[in-house]
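Reading the structure
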Amino acid sequence: MPPVIRADALGALDESVRALLADKLIVVPTDTVYGVAAHGLREAAVAKLYDAKLRPRDKAIPLLLADPADVEHVGIGVGALARTLMARYWPGALTVVIPARPELPPSLTAGGNTVAVRIPDCDVTRALIRALGAPLAATSANLSGVSPALTASDAVAMLGDAVALILDNGHSLGGEASTVVDATVSPPRILRPGPLTLDPDLVSHP
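Note that the structure is a prediction, hence the values are computed from the model and not measured.

Moving on to the overall build of the chain. In terms of regular secondary structure, the chain is built from seven helices and ten strands. Taking 2.2 N^0.38 as the reference for a compact globule, 206 residues should give roughly 17 Å; the C-alpha atoms of the chain span a radius of gyration of 16 Å, in line with that estimate. Overall, the C-alpha framework of the chain stretches about 45 × 35 × 30 Å when taken along its three principal axes. For the chain, the residues scored as buried account for 50% of the 206 residues in total. Taking the contacts inside the chain whose residues are at least 6 apart along the sequence as the reference set, 64% of them involve residues at least 24 apart. Carbon together with sulfur atoms contributes 54% to the accessible area of the chain, which is approximately 9100 Å² in total.

Moving on to helix α6 (residues 123-132). Note on helix geometry: an α-helix contains 3.6 residues per turn, so any two residues three or four positions apart are oriented the same way. Burial in α6 covers these residues: Val124, Thr125, Arg126, Leu128, Ile129 and Leu132. The secondary structure elements touched by the buried residues of α6 are α1 (12-21), β2 (26-28), β3 (35-39), β4 (63-64), β7 (136-140) and β8 (165-168). Count one or two residues on from α6 and you reach Gly133, which has phi positive near 75 degrees.

Cut-offs applied
Residues numbered from 1 in each chain as written. Predicted model: local features only at pLDDT ≥ 70, side-chain atom pairs only at ≥ 80, totals over all residues. Heavy atoms only, no water. Helix = DSSP H or I, 4+ residues; strand = E, 2+ residues; numbered from the N terminus. Rg over C-alpha atoms; globule rule 2.2 N^0.38 Å. Buried < 20%, exposed > 50% of the residue type's maximum accessible area, 1.4 Å probe, protein only. Contact = heavy atoms within 4.5 Å. Areas by Shrake-Rupley, 256 points an atom, 1.4 Å probe, with all protein chains shown as cover.

Here you go:
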């Protein structure tokens, strides 16, 4: 089984970065649920997420970012309403779909032209992204169709040896996957309701 490392342990981030640079998967805490993550700019690494989760290949994978400026490295032509949503709700449980830069890994976007991005309200994960120098391709740490992992032990039980290590930051405080908004349309449209109640003047509801 993969090692479970306390997120605040000495060397935990360094070991996590080494695994990610070797195109391995790791489990990371976020403010919503635990996620299984890969180097977000490497095709071989991102592709492993589909195998680990038994995820359909036509279902794109979101990116976790550390800072608002990171959006410029993964998105292009990001509109004013999208930026308003980001400024108001980040860091937090809001994932925003934006036009993707064409150089992103095809597996990440499932061959499409958009990418979903979020800045989690989790210091550990944002510090890891900064240390890696790249976004994390990340989705909930569970098999597709199964309830998300809320603890490190939940992630171990579902993913096992598919991951190189697990960063344990205690019980997930959010417990619910993020709200997803498509900001490539006007007005932005909620694709997946979640823990946030968004300003109805900014988004359209399903």
